[in-house]
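Results of the structural survey
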Amino acid sequence: MTVKQYWKEINDKSERVSSLMHSFWHEHSDWGNWQFWVILLFLLVPLIILLVKLNRNRSLEILFFGYTVHMLWTYTDLILIRQGYVDHRYFLTPFLPQALGITASLIPVSFMLVYQYCLNQDKPFIIWTTGLSAILAFVFAPIEKWMGLVSIYKGFTIVHLFFIDIVITMIAYGLTKFFVRFYAARQSTI
């Protein structure tokens, strides 16, 4: 096949998948279904808690950390979906990433609150992150599976989710600390 033929077929299949996602959403995942409301709660409740609990003095640092967790988890989730390891059966809208409530709110906000707690109380971040990762992977993910909100395939397990959580939060932690130091060094030279 030529490059044009490949892209024509890719675009044709993408349009078909998009149409199927739209149809599925209207029949099984829109606001008339309980799953929609559960996923909406996954999105809104953590954000409301964050608004109440966020340390305003270090908000930029904490929000940068959470944004980094969100972006890394969203891209990781898209890879897992595209490779056929994970399916999120229900979603808020067919236009946005399927696990939006989880990757944009529940996971990042949970880790942001742990990050903030560790900053305020001078606690070891890696230990608290490991604990939260265990709760998300070994408690929350099985509940999601039981509710039929997510399916896992091809030998992918919740143990993988546990390690992905740790890796993503440690990368976000490292990047946040780098930029905090970079900003502090820049401020001291001005």
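Heads up: these notes are all about the structure in this document. The structure presented is a predicted model; accordingly, all values stated were derived computationally and were not measured. (Residues numbered from 1 in each chain as written. Predicted model: local features only at pLDDT ≥ 70, side-chain atom pairs only at ≥ 80, totals over all residues. Heavy atoms only, no water.)

**Topic: the side chain of H70**
On the secondary structure map, H70 appears in helix α3 (residues 59-82). When sequence neighbours within four positions are dropped, the list of residues in contact with H70 reads T103, A104 and P108. (Helix = DSSP H or I, 4+ residues; strand = E, 2+ residues; numbered from the N terminus. Contact = heavy atoms within 4.5 Å.)

**A closer look at helix α4 (residues 100-121)**
Note: α-helices contain 3.6 residues per turn, so residues at a spacing of three or four share the same orientation. Compared with an ideal rise of 1.5 Å per residue, which puts 22 residues at 32 Å, α4 spans 30 Å between its outermost C-alpha atoms and is within 8% of the ideal. Within two residues after α4, D122 carries a phi angle of roughly 55 degrees, on the positive side. (Expected span 1.5 Å × (residues − 1).)

**With respect to the pattern of salt bridges**
Per the counting criterion, the structure on display carries three salt bridges. Salt-bridge contacts for K8 lead to D12; the nearest nitrogen and oxygen are separated by 3.1 Å. On the criterion of helical spacing, the pair formed by K8 and D12 is a turn pair, its members being four residues apart in helix α1 (residues 3-29). Residue K8 is classed as exposed on the basis of its relative accessible area of 52%. In this structure, the salt-bridge partner of R58 is E61, at a minimum N-O distance of 2.9 Å. What makes R58 partly exposed here is its relative accessible area of 32%. The buried category is assigned to E61, whose relative accessible area is 10%. (Salt bridge = Lys/Arg side-chain N within 4 Å of Asp/Glu carboxyl O. Buried < 20%, exposed > 50% of the residue type's maximum accessible area, 1.4 Å probe, protein only.)

**Points about the side chain of D77**
You can see D77 is positioned in helix α3. Of the buried charged residues, D77 lacks a salt bridge, with R82 as the closest side chain of opposite charge at 11 Å. (Lys, Arg positive; Asp, Glu negative; His and termini not counted.)

**Looking at the packing of aromatic side chains**
Given two aromatic rings, one states the distance between the centres and the angle between the planes to describe the pair. Going through the model one piece at a time under the given rule, you end up with 18 aromatic pairs. On the basis of an interplanar angle of 35 degrees and a centroid distance of 6.0 Å, the ring pair of F24 and F91 is categorised as tilted. Placement of F24 in helix α1 and of F91 in the loop between β1 (86-88) and α4 is noted, with a sequence separation of 67 residues between them. For F91, a relative accessible area of 2% translates into the label buried. Judged by centre distance (6.3 Å) and plane angle (20 degrees), the ring pair of F178 and F182 falls under stacked. Here F182 and F178 lie together in helix α6 (residues 158-189), a separation of four residues that amounts to about one turn. By relative accessible area, which is 48% here, F178 ends up partly exposed. F182 sits in the partly exposed class, given a relative accessible area of 48%. Three or more aromatic residues joined by ring pairs make a cluster, and in this case those are W25, W31, F36 and W37. Just above the ring of Y85 sits the side chain of K154; from NZ or CZ to the centre is 5.5 Å. (Phe/Tyr/Trp six-rings, centres within 6.5 Å; stacked < 30°, edge-to-face > 60°. Lys NZ or Arg CZ within 6 Å of the ring centre and 35° of its normal.)

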